[in-house]
Amino acid sequence: MREFETPYLTYDVLDKWDSPSWNEQTRGVLRKRLEEVPPRRFLTKEQWGLLDAIVARLISQPDRDEPVPIVPWIDDMLHHNHAPGYRYADMPPMREAWRRGLDAIAAEARNRHGKEFHELAPEDQDALLTDVQHNRVESRYWDDLPAGGFFLHHLLKQTVGIYYSHPDAWSEIGFGGPASPRGYARLGFDERDPWEAEELHFEAAGDA
Amino acid sequence: MLAPRQPEPSHRPLIAVAAATLAGATAVGWLLQRAWKPKGDRNHRAAQALGAGAAILCVSVALDSAIEHYRGQFKDRAMFVGPTMALLGIGAAAYIALRPERANDRLPKIALLTVGVTGMIGLGFHTYNILKRPGELDALNLFYGAPMGAPAALTLAGLYGVIAGEMLSGREYVRTRLPKHTAALIAFSLAGTVAEAGWLHFRGAFQDPAMYAPVTVPPLAAIAIGAAALSPRAAMVAEPLLKATAILGIAGPMFHAYGIHRNMGGWKNWSQMILQGPPLPAPPAFLGIAAAGLGILPLLQEPRK
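Residues numbered from 1 in each chain as written. Chains lettered and ligands numbered in written order. Predicted model: local features only at pLDDT ≥ 70, side-chain atom pairs only at ≥ 80, totals over all residues.

Asker: It is not clear to me how the overall build of chain A should be interpreted in this structure. Could you clarify?
Answerer: Counting its regular elements, chain A contains 8 helices and 0 strands. Mapped from its N terminus to its C terminus, chain A presents α and β elements in the order α-α-α-α-α-α-α-α. Each principal axis of the C-alpha distribution contributes one length, and for chain A these read about 55 × 45 × 35 Å. Within chain A, counting contacts between residues at least 6 apart in sequence, those at least 24 apart form 69% of the total. (Helix = DSSP H or I, 4+ residues; strand = E, 2+ residues; numbered from the N terminus. Contact = placed C-beta atoms within 7 Å.)

Asker: I tried to follow the overall build of chain B on my own but got confused; where do I start?
Answerer: In terms of helices and strands, chain B carries 11 helices and 0 strands. Going from N to C terminus, chain B has its helices and strands arranged as α-α-α-α-α-α-α-α-α-α-α. Taken over C-alpha atoms, the radius of gyration comes to 20 Å for chain B, in line with the 19 Å a tight globule of 305 residues would show. Here the C-alpha coordinates of chain B stretch approximately 70 × 45 × 35 Å along the principal axes. The long-range fraction of contacts in chain B, counting pairs at least 24 apart against all pairs at least 6 apart in sequence, stands at 77%. (Rg over C-alpha atoms; globule rule 2.2 N^0.38 Å.)

Asker: Can you walk me through the packing of helix H2 (residues 42–71) of chain B against helix H6 (residues 149–167) of chain B in this structure?
Answerer: When two helices pack together, their arrangement is captured by the angle between the axes and the distance separating the axes. All names here are of chain B. The geometry of H2 relative to H6 is characterised by a closest axis approach of 8 Å and an angle of 160 degrees between their N-to-C directions. Taken as axis vectors, H2 and H6 run roughly antiparallel relative to one another. Classified by chirality, the crossing of H6 by H2 is left-handed. (Axes fitted to C-alpha atoms, helices over the stretch in contact; angles between N-to-C directions. Parallel < 35°, antiparallel > 145°, perpendicular 65-115°, else oblique. Left-handed = near helix turned anticlockwise from the far one by under 90°.)

Asker: In this structure, what is going on with the environment of Gly249(B)? I would like to understand it.
Answerer: Residue and element names in this part refer to chain B. Within the secondary structure layout, Gly249 lies in helix H9 (residues 234–262). Sequence spacing of Gly249 and Pro281 is 32 residues, and the spatial spacing of their C-alpha atoms is 9.8 Å. Sequence-distant contacts of Gly249, that is, excluding residues within four places in its chain, are made with Pro283, Pro284, Ala285, Phe286, Leu287 and Ala290.

Asker: Whenever I open this one, helix H3 (residues 81–98) of chain B confuses me. Can you help?
Answerer: Within an α-helix, residues lying three or four positions from one another point in the same direction, as the helix has 3.6 residues per turn. All names here are of chain B. Helix length check: H3, at 18 residues, gives a terminal C-alpha distance of 26 Å against a target of 26 Å (1.5 Å per residue), a fit within 8%. Looking at H3, one finds that the buried residues are Gly82, Pro83, Met85, Ala86, Gly89, Ile90, Ala92, Ala93, Tyr95, Ile96 and Ala97. Against H2, helix H4 (106–131) and H6 lie the buried residues of H3. (Expected span 1.5 Å × (residues − 1). Buried ≥ 20, exposed ≤ 12 C-beta atoms within 10 Å, placed from the backbone.)

Asker: Can you walk me through the nonpolar core in this structure?
Answerer: Where a protein is soluble and globular, its nonpolar side chains tend to be buried together. Judged by nonpolar contacts, the single largest core of 82 residues is most densely connected at Cys58(B), Ala93(B), Ala157(B), Ala221(B), Ile225(B), Ala228(B) and Ala238(B). Of all the secondary structure elements, the ones that give two or more residues to this core are H2, H3, H4, H6, helix H7 (178–203), helix H8 (217–230), H9 and helix H11 (284–301) of chain B. Apart from the residues within four sequence positions on either side, Ala238(B) is in contact with Ala221(B), Ala224(B), Ile225(B), Ala228(B) and Leu297(B). Ranked by size, the runner-up nonpolar core spans 32 residues in total, among them Leu51(A), Val55(A), Val71(A) and Leu155(A). (Core = buried A, V, L, I, M, F, W, Y, C linked by C-beta atoms within 7 Å.)

Asker: What's the story with the packing of helix H2 (residues 45–58) of chain A against helix H3 (residues 71–79) of chain A in this structure? I'm lost.
Answerer: All names here are of chain A. Direction vectors running N to C along H2 and H3 enclose 130 degrees, while the axes themselves pass 10 Å from each other. Relative to H3, the element H2 lies oblique. In the packing of H2 onto H3, the handedness of the crossing is right-handed. Taking contact as the criterion, the partners of Trp48, Leu51, Asp52 and Val55 in H2 are, on H3, Val71, Ile74 and Asp75.

Asker: Quick question: what am I supposed to make of the environment of Ala292(B) here?
Answerer: Residue and element names in this part refer to chain B. Secondary-structure assignment places Ala292 in helix H11. The class of Ala292 is buried, set by 32 C-beta atoms lying within 10 Å. Taking C-alpha positions, Ala292 is 10 Å from Leu185, a pair spaced 107 residues apart along the chain. Excluding anything up to four places from it in sequence, Ala292 contacts Ala49, Leu50, Gly53, Tyr160 and Ile186.

Asker: Help me out: how do you make sense of the confidence of the model for chain B in this one?
Answerer: Detailed reading of the predicted coordinates is not advisable wherever pLDDT is low. Residue and element names in this part refer to chain B. Averaged over all residues, the pLDDT of chain B equals 92, while 98% of them reach at least 70. Per-element confidence in chain B ranges from a low mean pLDDT of 87 for helix H5 (residues 139–144) to a high of 96 for H9. Interface confidence in the predicted complex, given as ipTM, is 0.77; pTM for the same model is 0.86. (pLDDT = per-residue confidence, 0-100.)

Asker: Help me understand H7(B) in this model?
Answerer: A rise of 1.5 Å per residue sets the reference length of H7(B), with its 26 residues, at 38 Å; its end C-alpha atoms lie 37 Å apart and thus fit the reference within 8%. Looking one or two places after H7(B), you find Ala205(B), whose phi comes out positive at around 60 degrees.

Asker: When you look at unusual backbone geometry in this model, what are you seeing that I'm missing?
Answerer: The linkage connecting Ser180(A) with the following residue, Pro181(A), adopts the cis geometry, with an omega of 10 degrees. For Pro181(A), the location among the structural elements is in the segment after helix H8 (167–173). If you check the backbone angles, Phe74(B) has positive phi at about 45 degrees while not being a glycine. Positionally, Phe74(B) belongs in the loop between H2 and H3. Phi at Glu136(B) is positive, roughly 45 degrees, even though this residue is not glycine.

Right, dumping it as structure tokens:
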């Protein structure tokens, strides 16, 4: 797999902090996101450690000194029971789905390798997660919880969603963050406002 | 039965702002009229007013096209032409307004002819810009593509300037047809500007009732001066209507400044809103056209020998 390289080499979305692009509400929301990373309140220590190891495989952040925190925000969501407002027909309510899904993955790891998930080699972790994604699992651990559904709708979507709520991820993809209050005036193709990210080097994927 | 849901009434002081803006604009208009010291005979005065009108039109075009073409990042080199020609137009037309006795000189005439022809070419470019977009001649492209009417303002300014010169040429038609044709041109100018303002205010959903102003008063002024071309008595009606149009041309930027204030982020967000909010320099086009119209009225009114 090719390593992702950002074309926005000089761009840091946080440079917008004191600019007209953001107001006090926007800064307040981001300050909270950056500085008030929530503590563990819902998951057990074991579940937390397991989720940390899973998330590291879903979105690995080897290039970051400080990885974007993801597990604390999942725990926060579960603690407040901030469900999306709907439930998948074939899945239990959100909190129960997470508890049972994580425990089932831990049991799969112990059953296959006799070790905890976080002790496995990265390839074995990936193989296990791939099997979970494709429902190739021991049904006694999962009961009626669909493994693939849990992987896609809960694990993967939440992980990606939280990752891309973080300003570091915005800078990486050239996203400007909340357009609040300043939006954009040049909206056509190949147009760029001076307060937008600038692509500095761009190679079509696949070119060597 | 449930009553249909009504939008929440605005809590903004729209009436107070409109009243204050119109009062301020009227005061400015009155001061301008007082400062207006025309020289020479009726033809000189008409030439001077036409020159002043052309200059105001060019100021409006210069600022508006500079801002909008800057927004378009001067993607096409030709986008420098509009603002540059408008600057040339300001120079030549202001020369006529300040020294009407020289209105028929060759140099300002050539300059204004060039400006006018450039406006026609610009109209072609803008039409091409709209037609090349997917959907071609649809409302979306007319809303957000290059504005059709804007380059035409340069053509009008050029024509006003050239007519100003002709007023002093001593030719026969200056006493017969020219004032009437100029009045018709001014009626057409007003109609075009009304169409542009109305179209863009429709895009803005007339969300402030003051946005109806440029589609109510100036059309009446257009009809009146058009009628004045045919019957001298209509000039009596045309004068107050043209003055009201001129006041709207002064009030427009004030209203638009308030519009920017009402947008998200207000004036603190000027770097977006100068481009995306209501255009500050556009409405004075009404002032320019009205000034030219007011200048030509006496030639329509008084019986000629």
